[in-house]
Each structure stands twice: as C-alpha cells, then as structure tokens.
Amino acid sequence: QVQLVESGGGLVQAGGSLRLSCAASGRTVSRYYMAWFRQAPGKEREFVAAISRSGDNIVYADSVKGRFTISRGNAENTVYLQMNSLKVEDTAVYYCATDRGPIEKRAAYMDYWGKGTLVTVSS
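Heads up: these notes are all about the structure in this document.

Conventions and cut-offs
Residues numbered from 1 in each chain as written. Predicted model: local features only at pLDDT ≥ 70, side-chain atom pairs only at ≥ 80, totals over all residues. Heavy atoms only, no water. Pairing = 2+ DSSP bridges. Helix = DSSP H or I, 4+ residues; strand = E, 2+ residues; numbered from the N terminus. Axes fitted to C-alpha atoms, helices over the stretch in contact; angles between N-to-C directions. Buried < 20%, exposed > 50% of the residue type's maximum accessible area, 1.4 Å probe, protein only.

**A word on the sheet that holds strand E8 (residues 78-83)**
Hydrogen bonds along the backbone pair up the strands of a sheet, which may run parallel or antiparallel. Spatially, four strands are ordered E1-E3-E8-E7 in an open sheet, and the strand pairing comes out antiparallel. In the strand order of this sheet, the two ends are held by strand E1 (3-7) and strand E7 (68-72), each with one partner. Averaged over all pairs of adjacent strands, the angle between their axes in this sheet comes to 15 degrees, without regard to strand direction. Examined bridge by bridge, E7 and E8 share five bridges and lie antiparallel to one another. Following the sheet pairing, Phe68 is matched in E8 by Met83.

**Thoughts on the pairing of strand E3 (residues 18-25)**
Judged from the five bridges that link them, E1 and E3 form a sheet pairing that is antiparallel. Within E3, the residue paired with Gln3 across the bridge is Ser25. Where E3 lies against E8, six bridges are found, and the strand directions are antiparallel. Note on E8: the bridge partner recorded for Cys22 is Val79.

**What about unusual backbone geometry?**
In the segment running from Gly101 into Pro102, the intervening peptide bond is cis, with an omega of 0 degrees. Within the fold, Pro102 resides in the loop between strand E9 (92-99) and strand E10 (112-113). Even without glycine at this site, Ser85 takes up a positive phi of about 50 degrees. Mapped onto the fold, Ser85 is located in the loop between E8 and E9. Residue Ser85 is classed as partly exposed on the basis of its relative accessible area, which comes to 42%.

The following block contains the structure:
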C-alpha cells in the first residue's frame, strides 16, 4: 500500500551538509507519520527523527538534535532530512520509514521501509 524511495546520500567531508529526501506513494500515505532511521556497519538500526502527519510533532534522537532537521514537503508526500555539521560517526545507511502512529522510536514498529541511501562522512 505504501512505497518509500530515499535519495540524496553521498560522500561528504566532516562538518559539511547533506539533504536527504524520501518520496512516499500510496493511498494511505496521508494517514502515516514519517521517520528516518540509520544503520552503521556492524551496528543496530537506530532512530534518527520523526515527524507527524501535520508536521507539528517532531522528535529527534539526542545524537542528532541541533544538527539535523526533519521536515515535510508542500504536498506532504515527501519528507526531508537536512543534515548539518556532519560527523564521521553519522556514516550509515539512512532509511525512510512510516507507520500509522503514534510516533515510535523502535524500528520493529515501522510498517514500511525504503531501501536506504548511503551517507559517508570523511574526516
């Protein structure tokens, strides 16, 4: 019912910025909140940020708070993750995910996932 496609990953120097995009499609997209997760090599998939359907409820992981910004596009079928002041430890595959809600930080509770986009931060 829902398909997610991420884009915007790449190689960036520490201290730089990247903007990730997630395009969602499906009849029930408007009923779901959107979230970003990431998975570094050898580590578990972890929560990064989430945004409610209205855009008024936003949650960030402590590790990215103040550096990353999640937002919705005008049509609300696209979600962005603006990543500033990137660190080497931010290197990971970043995944877009969605669920009916309420906002949940556990990856196991997500209903749909994109295939991921790789972000590599060099020192």
